[in-house]
Amino acid sequence: MMTTTTTPLIRFLLRTADDNLVLAQRLGALLARMPELEEDIAVANVCLDHLGQARSLYAHAAILEGLGRSEDDLAMLRDERQFLNATLVEQPDVDFAHTIVRQFFVDAYQVPFYDVLCGASDPVLAGIAEKAVKEARYHLRRSATWVVRLGDGTEESHDRTQAAVDLLWRYTGDLLALDEIEETLVADGVLPSLDGVRGVFDATVASVFAEATLTLPTDPYQRLGGRAGVHTEQFGHLLPEMQRLYRSHPGARW
Amino acid sequence: MSASEQGWPLWEVFVRADRGLNHVHAGSVHAADAETALQAARDVYTRRAEGVSIWVVRSTEIVASDPDRRDDWFGDLKPYRHPTFYEIPDAIGHM
């Protein structure tokens, strides 16, 4: 069992990396299964963008913690309760609508989130964010387009997309909730204020859903816990599949 | 039924590689409408920084010359129309 990390910045880097890695793992599993060749390539591009963000963040966290762990160790040798990703990204790909709605919520959050991170006092984190925000803007353009196409499409596509919204909305709270980690980083001057992220997210969701004729659930319930390592059952299936090869062949090289 | 069976229309993709160059035909994509066609073209043809601008055109909107009439249209070669029959003085060098 590896030691848990301590400083707020390392924990913040890890959970941001975890969001991206787990989503990339979900998206990677879709390759060769998308309804069209074009979408297959698009989902591969988005997957690799998230994987690249995760790698940069893990590598930086590994340097800061100074324990001799590599980015791979952080990704592949931590156990379920040590992963700090929002539970949204671990939710399964029930159908194309679920894939797109999950992606849209992530994108609507990551654009303002990375925008703030561009102003981080840590130049490496600011640099990662500057690259990532461009990727996130493109991801949002694509996912928002699809949300509108599906929501305002046929009766079936609307119903499936609304069902995805009804299921996935409860997992967005993990992304948007501000906790003591962020409060500490803001108070210490490491990060600019993240208070505006929620408002931008809400405005994006509201305008895209209006065009897509979709509605948010009236039930305000939010399933929190991912940031504390308390995941949904789905994550227990995803993680061993992702980590099996690395753990079975420690130190293996291509 | 998959989207392919329903038949998303085909779009021709033109990519401009850099400022000052022309858009050049890169290939085609299937997409339901213009906006998704542009996005698909971006993902399929410009992933490795191949372009700075993309056009997409519905393939059915392209009017093409009839390949069966190629001889009528293009077979009548008049090489003397190329300015290759002039003597170039040595002093000019390579032109």
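Data block above holds the structure.
A short tour of the structure in this document, coming up. Numbering of residues begins from 1 in every chain and follows the order in which that chain's sequence is written. Chains carry letters from A onward and ligands carry numbers from 1 onward, assigned in written order. Where totals are concerned, whole chains, interfaces and linings use all residues; where local detail is concerned, this predicted model gives features only for residues with pLDDT of at least 70, and gives and counts side-chain atom pairs only at 80 or more. Processing note: side-chain calculations cover all non-hydrogen atoms of the structure and skip hydrogens and water entirely.

### Brief notes about the overall build of chain B
Stated precisely, the cut-off is as follows: Only DSSP runs of H or I reaching four residues or more are called helices, and only runs of E reaching two or more are called strands; each is numbered from the N terminus. As a reference, a globule follows 2.2 Å times the number of residues to the power 0.38, and the radius of gyration itself is taken over C-alpha atoms. For every residue, the accessible area obtained with a 1.4 Å probe (protein chains only) is divided by the maximum for its type, and the residue is called buried under 20%, exposed over 50%, and partly exposed between those limits. In what follows, residue pairs with any heavy atoms lying within 4.5 Å of each other are defined as contacts.
Each helix and strand in chain B was counted, giving 3 helices and 3 strands. Its helices and strands taken in sequence order, chain B reads α-β-β-α-β-α from the N to the C terminus. For a compact globule of 95 residues, the expected C-alpha radius of gyration is about 12 Å, and chain B comes in at 20 Å, more than 25% above that figure. The dimensions of chain B, computed from C-alpha atoms along their principal axes, are 65 × 35 × 15 Å. In chain B, buried positions account for 23% of the 95 residues. Pairs at least 24 apart in sequence give 43% of the contacts found in chain B among residues at least 6 apart.

### Focus on the nonpolar core
To keep it simple, the criterion reads: Note on terminology: a nonpolar core comprises buried Ala, Val, Leu, Ile, Met, Phe, Trp, Tyr and Cys residues joined through side-chain atoms within 4.5 Å.
Within the largest apolar cluster, 80 residues are counted, with the highest numbers of intra-cluster contacts made by Y58(A), F104(A), F105(A), L117(A), L125(A) and F209(A). Looking at this core, the element that brings in the most residues is helix α4 (residues 96–117) of chain A, giving 14 residues. Aside from chain neighbours lying at most four places away, what touches L125(A) is L9(A), F12(A), L13(A), L57(A), H60(A), L117(A), A120(A) and L191(A). Counting 9 residues, the second largest nonpolar core, distinct from the first, contains V15(B), A37(B), A40(B) and V56(B).

### Quick look at the pairing of strand β2 (residues 23–30) of chain B
All names here are of chain B. The following threshold applies: Being paired, for any two strands, means DSSP has found at least two bridges between them.
One ladder, built from 7 bridges, connects strand β1 (residues 10–16) with β2; its direction is antiparallel. Residue F14 lies in a different strand from β2, and its bridge partner there is H25. In textbook terms, the turn of a hairpin is the stretch between consecutive antiparallel strands, and for β1 and β2 this stretch comprises 6 residues, one of which, G20, has a positive phi near 90°.

### A word on the interface of chain A and chain B
For the record, the criterion: The quantity reported as buried area is the accessible area (1.4 Å probe) lost by two parts once they are put together, taken as the sum for both. Take a side-chain nitrogen of Lys or Arg and a carboxyl oxygen of Asp or Glu: if they are within 4 Å of each other, that pair is a salt bridge. Here a polar contact is recorded for every N or O atom pair within 3.5 Å, except that within protein the pair must consist of a potential hydrogen donor and a potential acceptor, and residues adjacent in sequence are included only if both atoms are side-chain atoms. Residues are sorted three ways: Asp, Glu, Lys and Arg are charged, Ala, Val, Leu, Ile, Met, Phe, Trp, Tyr, Cys and Pro are nonpolar, and all the rest, Gly among them, are polar.
With 14 residues of chain A at the contact, the number on the chain B side is 14 residues. Here chain A packs against chain B, burying approximately 1,400 Å² in sum over the two surfaces, 49% of which is carbon and sulfur. The three residues of chain A that bury the most area against chain B are E36(A), E38(A) and Y138(A), which together make up 42% of that side's buried surface. For the salt bridge of E35(B) with R149(A), the shortest nitrogen-to-oxygen distance reads 3.2 Å. Remark: the boundary between chain A and chain B carries 9 residue pairs in polar contact (both at pLDDT 80 or more). At the level of secondary structure, the elements contributing two or more residues to the side of chain A that touches chain B comprise α2 (37–65) and α5 (123–151) of chain A. Split into classes, the residues belonging to the side of chain A that touches chain B amount to 6 nonpolar, 2 polar and 6 charged.

### Focus: the environment of A54(A)
Residue and element names in this part refer to chain A. Of note, A54 is situated in helix α2. Classification of A54 by relative accessible area gives buried; the value is 1%. Sequence separation of A54 and A86 is 32 residues, and the distance between their C-alpha atoms is 14 Å. Among all residues touching A54, those that are not within four sequence positions of it are A17, N20 and L21.

### A short note on the packing of aromatic side chains
Residues and elements named next belong to chain A. For clarity, the cut-off: Stacked, edge-to-face and tilted are the three classes for Phe, Tyr and Trp ring pairs, Trp counted by its six-membered ring, which pair at centre distances within 6.5 Å; planes under 30 degrees apart are stacked, over 60 edge-to-face, the rest tilted.
Inspection of every chain in the model, using the stated rule, returns 13 aromatic pairs over all chains. Arranged with centres 5.8 Å apart and planes meeting at 50°, the rings of F12 and F113 form a pair that is tilted. Of this pair, F12 sits in helix α1 (residues 8–28) while F113 sits in helix α4, and the two are 101 residues apart along the sequence. F113 shares its class with F12; the two are buried. Considering the side-chain rings of F105 and W169, the 5.5 Å spacing of their centres and the 65° angle between planes classify their relative orientation as edge-to-face. Residue F105 is found in helix α4, and its partner W169 is found in the loop between α6 (155–168) and α7 (173–176); the two are separated by 64 residues along the sequence. Each member of the pair F105 and W169 is classed as buried.

### A short note on unusual backbone geometry
Residue and element names in this part refer to chain A. In this model, A32 sits at a positive phi of 70°, which is unusual for a non-glycine residue. For A32, the position within the fold is in the loop between α1 and α2. The exposure class assigned to A32 is exposed, which follows from its relative accessible area of 71%. In this structure, T213 is a non-glycine residue whose phi angle is positive, near 55°. Along the polypeptide, T213 turns up in the loop between α9 (197–212) and α10 (233–248). The exposure class assigned to T213 is partly exposed, which follows from its relative accessible area of 42%.

In short, geometric facts, not functional conclusions.
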